[in-house]
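What the coordinates show
Listed below, chain by chain, are the residues.
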Amino acid sequence: MGRVLVTARDLTLERKTRWELLRQFPRARVRRSPFKGVLFLEAEGDPLLMADRIREACPDSIGRVTPLLVESESTLEAVRQSAVEVGLSQVRRNESFSFRVYKRGSHGLQSPTPDIEREIGTAILESLYRRDMLRPRVELACPDVVVVAEVLGPRTAIGIIRSRQGSR
């Protein structure tokens, strides 16, 4: 079962986003999260391919589409460990990457977002270096792969967004 987190482009578009997701995946289950404008799509299939299909079919109503690969507690250590795991499995040799975190609700990540992104991004960088023995490229503006942490209160969903040029 694949899971994808979808944010509505605008909070007023949540209903339209939900309808468009069900139109694309008629047998899917679309659940609301406790946070307005954040939906979960659950369907049979690869979450990476599902996310690509959503981006192509629903560009007017969606904000961010994140295929979910790992879920963890919303603590710095748990998110770091999960993000490194996802980075190692998804960032290929010679691909650029970045790490982004989006926080909602009450959680254990009290540091400012830029500090968390820098710390966890560095942990991913060091792990990729140990794996490849090649300094990974960090690119904040247009990376090939963005490792994303969607903090939803006490739980955090970790996934990736792969750019078109990075999907060789």
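What you see is a predicted model, and the numbers here were worked out from it, not measured in a lab. (Residues numbered from 1 in each chain as written. Predicted model: local features only at pLDDT ≥ 70, side-chain atom pairs only at ≥ 80, totals over all residues. Heavy atoms only, no water.)

Turning to the overall build of the chain, a few remarks are in order. Regarding its fold elements, the chain presents 4 helices and 8 strands. Overall, the chain shows an N-to-C arrangement of helices and strands of β-α-β-β-α-β-α-β-α-β-β-β. Its C-alpha radius of gyration of 16 Å places the chain within 12% of the 15 Å reference for a compact globule of 168 residues. By residue count, 51% of the 168 residues in the chain fall in the buried class. (Helix = DSSP H or I, 4+ residues; strand = E, 2+ residues; numbered from the N terminus. Rg over C-alpha atoms; globule rule 2.2 N^0.38 Å. Buried < 20%, exposed > 50% of the residue type's maximum accessible area, 1.4 Å probe, protein only.)

What follows is about helix α4 (residues 113-132). For α4, which comprises 20 residues, the first-to-last C-alpha distance of 28 Å matches the rise-based estimate of 28 Å (1.5 Å per residue) to within 8%. Inspection of α4 places Ile 116, Glu 117, Ile 120, Gly 121, Ala 123, Ile 124, Leu 125, Ser 127, Leu 128 and Asp 132 among the buried residues, and these make up the whole buried set. Positive backbone phi, approximately 55°, marks Met 133, located one or two places after α4. (Expected span 1.5 Å × (residues − 1).)

Val 79, Phe 99, Ile 120, Ile 124, Val 147 and Ile 158 are the most contacted members of the largest nonpolar core, which has 22 residues in total. Those elements that place two or more of their residues in this core are α3 (76-90), β5 (96-104), α4, β7 (145-152) and β8 (155-162). Take this core: its biggest share by element is 6 residues, from α4. Setting aside chain neighbours within four positions, we find Ile 120 in contact with Leu 76, Val 79, Arg 80, Ala 83 and Phe 99. The next biggest cluster of nonpolar side chains, apart from the first, holds 15 residues, and it includes Ala 28, Leu 39, Ala 43 and Ile 54. (Core = buried A, V, L, I, M, F, W, Y, C linked by side-chain atoms within 4.5 Å. Contact = heavy atoms within 4.5 Å.)

Here we take up the packing of α3 against α4. Running from amino to carboxyl end, α3 crosses α4 at an angle of 40°, the nearest separation of the two axes being 9 Å. Considering their axes alone, α3 and α4 lie oblique with respect to each other. The two elements α3 and α4 cross, and the hand of that crossing is right-handed. Facing α3, whose interface residues are Leu 76, Val 79, Arg 80, Ala 83, Val 84, Gly 87 and Leu 88, α4 presents Ile 116, Glu 119, Ile 120, Ala 123, Ile 124, Ser 127, Leu 128 and Arg 131. When the residues that make up the contact of α3 with α4 are grouped by side-chain class, the tally is 10 nonpolar, 2 polar and 3 charged. (Axes fitted to C-alpha atoms, helices over the stretch in contact; angles between N-to-C directions. Parallel < 35°, antiparallel > 145°, perpendicular 65-115°, else oblique. Left-handed = near helix turned anticlockwise from the far one by under 90°. Nonpolar A, V, L, I, M, F, W, Y, C, P; charged D, E, K, R; others polar.)

Moving on, we get to the side chain of Arg 64. Tracing the sequence through the fold places Arg 64 in strand β4 (residues 62-73). A polar side-chain atom of Arg 64 sits 2.8 Å from a polar atom in the side chain of Glu 150. Beyond its immediate stretch of four places on either side in the chain, Arg 64 contacts Leu 5, Val 6, Thr 7, Tyr 102, Arg 104, Glu 150 and Ile 161. (Polar contact = N/O pair within 3.5 Å; in protein donor to acceptor, adjacent residues only side chain to side chain.)

Once that is clear, we can look at the pairing of strand β1 (residues 2-8). Most of β1 sits inside the fold, with 6 of its 7 residues counted as buried. In the sheet, β1 pairs with β4 via 4 bridges, with the strands oriented antiparallel. Paired with Leu 5 across the bridge in β4 is Thr 66. (Pairing = 2+ DSSP bridges.)

A word on the pairing of β7. Counting buried positions along β7 gives 8 out of 8 residues, so the element sits mostly inside the fold. Burial of β7 is two-sided: the residues Val 145, Val 147, Ala 149 and Val 151 facing one way and the residues Val 146, Val 148, Glu 150 and Leu 152 facing the other way are all buried. When β5 meets β7, the two strands line up parallel, connected through 8 bridges. Within the sheet, the bridge partner assigned to Tyr 102 lies in β7 and is Glu 150. Here β7 runs beside β8; their pairing, made up of 8 bridges, is antiparallel.

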